[in-house]
Amino acid sequence: MEQFLKATEIINWTHPSVYSKAKELAEDCADSVVIARRCFEWVRDTIQHSHDFRRNPVTCAASEVLLAGTGYCYAKSHLLAALLRANEIPAGFCYQRLSIDDSGPPFSLHGLNAAHLPKFGWYRLDSRGNKPGVDAQFTPPFEKLAFRLNFPGERNFAEILSDPLPIVVAALRAHSTWDGLYKHLPDWNWPSLSDSAII
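Quick summary incoming for the structure in this document. (Residues numbered from 1 in each chain as written. Predicted model: local features only at pLDDT ≥ 70, side-chain atom pairs only at ≥ 80, totals over all residues. Heavy atoms only, no water.)

## Some points on the sheet that holds strand β5 (residues 121-125)
So, step 1. In spatial order, the strands read β5-β4-β3-β8; together these four strands make up an open sheet with antiparallel pairing. The open sheet is flanked by β5 and β8 (155-156), the only strands paired with a single partner.
So, step 2. Pairing geometry for strand β3 (residues 91-99) and strand β4 (residues 107-117), over nine bridges, is antiparallel. Bridge pairing links Leu98 to Ser108 in β4. (Pairing = 2+ DSSP bridges. Helix = DSSP H or I, 4+ residues; strand = E, 2+ residues; numbered from the N terminus.)

Here you go:
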């Protein structure tokens, strides 16, 4: 479980601003499930999804997302993982492959998290941000993710990774504007994601 608590260049929960926000969200609370809910809802509702709000810059590391107040789903999952890990809640990364325009091909990866919660075990949660037709909630043990699979070629990947996928990080680092990234969203068309550091 240690790999799901570590600080990295991307999940930099030891950064002063990230650590401070994590402790603020956990203030006066010792229940890890409540803390996880607070972190999830704060990222979901406060950090604006880059595409939804046409916001720049493209962010990647948790501290960048917090500073800019915006991020794609992947970046928001990086910040949520950092906030959870700073509060000693194991957190990993999950991915779906979804239709980009909700009509079939082309497809791209969608990033979300899994948190290890007492009594519930690993629980997937999606902080990408709600909007009409998207209503992700924190309702353990029941999942309420942002998107369902609707088309052939879409899939839920079963793995929980301790680090974001390298192709996701590379895509975020390669583009500085929301529309530039939107034209080059990362995709993964294999049965599994990785064989390293997974549950």
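## Looking at unusual backbone geometry
So, step 1. Of note, the amide linkage connecting Asn56 to Pro57 takes the cis form, showing an omega dihedral of 0 degrees.
So, step 2. Note that Pro57 resides in the loop between α3 (50-53) and α4 (62-68).
So, step 3. With omega at 10 degrees, the peptide bond leading from Pro140 into Pro141 counts as cis.
So, step 4. With respect to the element layout, Pro141 can be found in the loop between β6 (137-139) and β7 (142-144).
So, step 5. Unlike most non-glycine residues, Asp28 shows phi in positive territory, near 60 degrees.

## Observations concerning the pattern of salt bridges
So, step 1. All told, the structure shown has nine salt bridges when counted by the stated rule.
So, step 2. Asp45 is the partner of Arg44 in a salt bridge, and the nearest nitrogen-oxygen pair spans 2.6 Å.
So, step 3. What you see here is one network of salt bridges that share partners, running through Asp52, Arg128 and Lys131. (Salt bridge = Lys/Arg side-chain N within 4 Å of Asp/Glu carboxyl O.)

## A few points about the environment of Ala86
So, step 1. Looking at the element boundaries, Ala86 is found in helix α5 (residues 73-86).
So, step 2. On a C-alpha basis, the gap between Ala86 and Pro105 in space is 38 Å, while along the polypeptide they are 19 residues apart.
So, step 3. Excluding residues that lie within four positions of it along the chain, Ala86 makes contacts with Trp13, Tyr19, Ala22 and Lys23. (Contact = heavy atoms within 4.5 Å.)

## Some thoughts on helix α1 (residues 16-25)
So, step 1. Val18, Lys21, Ala22 and Leu25 are the residues of α1 that are buried. On an axial view of α1, the arc spanned by its buried residues comes to 100 degrees, and they lie on one face. (Buried < 20%, exposed > 50% of the residue type's maximum accessible area, 1.4 Å probe, protein only. Arc of directions from axis to C-beta.)

## Quick look at the pairing of β4
So, step 1. With 10 of its 11 residues buried, β4 lies for the most part within the structure.
So, step 2. Sheet topology places β4 next to β5; five bridges connect them, and they run antiparallel. Bridge pairing links Ala114 to Arg124 in β5.
So, step 3. Hairpin connection between β4 and β5: a loop of three residues separates the two successive antiparallel strands, and Lys119 in this loop has a positive phi of roughly 75 degrees.

## Describing the nonpolar core
It is characteristic of soluble globular proteins that their nonpolar side chains tend to be buried jointly.
So, step 1. Ranked by internal contacts, the top residues of the largest apolar core, which has 53 residues, are Tyr74, Leu79, Leu83 and Tyr95.
So, step 2. Tallying contributions element by element places α5 first for this core, with 10 residues.
So, step 3. In this structure, Tyr74 is in contact with Tyr95, Ser108, Leu109, His110, Gly111, Val168, Leu172, Leu185 and Pro186, ignoring residues within four places of it in sequence.
So, step 4. Cys94, Ala114, Leu145 and Ile160 belong to the second largest nonpolar core, which has six residues in total. (Core = buried A, V, L, I, M, F, W, Y, C linked by side-chain atoms within 4.5 Å.)

## A short note on the packing of α1 against α5
So, step 1. With their axes 9 Å apart at the nearest point, α1 and α5 run at an angle of 65 degrees to one another. One way to sum up the angle between α1 and α5 is to call them roughly perpendicular. The handedness of the crossing between α1 and α5 is right-handed. Contacts from Val18, Tyr19, Lys21, Ala22, Lys23 and Leu25 of α1 reach α5 at Ala82, Leu83 and Ala86.
So, step 2. Looking at the contact of α1 with α5 residue by residue, the classes come out as seven nonpolar, no polar and two charged. (Axes fitted to C-alpha atoms, helices over the stretch in contact; angles between N-to-C directions. Parallel < 35°, antiparallel > 145°, perpendicular 65-115°, else oblique. Left-handed = near helix turned anticlockwise from the far one by under 90°. Nonpolar A, V, L, I, M, F, W, Y, C, P; charged D, E, K, R; others polar.)

## What to know about the side chain of Asn12
So, step 1. Position of Asn12 relative to the elements: it lies in the segment before α1.
So, step 2. A polar contact of 2.8 Å, which involves the side chain of Asn12, links it to the side chain of Ser63. (Polar contact = N/O pair within 3.5 Å; in protein donor to acceptor, adjacent residues only side chain to side chain.)

## Looking at the packing of aromatic side chains
So, step 1. A full pass over the atoms with the stated rule returns five aromatic pairs.
So, step 2. Summarising the aromatic geometry, the rings of Tyr123 and Phe138 are spaced 5.6 Å apart at their centres and angled 75 degrees between planes, so their arrangement reads as edge-to-face. Of this pair, Tyr123 sits in strand β5 while Phe138 sits in strand β6, placing them 15 residues apart in sequence. By the burial criterion, Tyr123 is buried, and Phe138 matches it.
So, step 3. An aromatic cluster is built from Phe40, Tyr123 and Phe138, whose rings are joined through pairwise contacts. (Phe/Tyr/Trp six-rings, centres within 6.5 Å; stacked < 30°, edge-to-face > 60°.)

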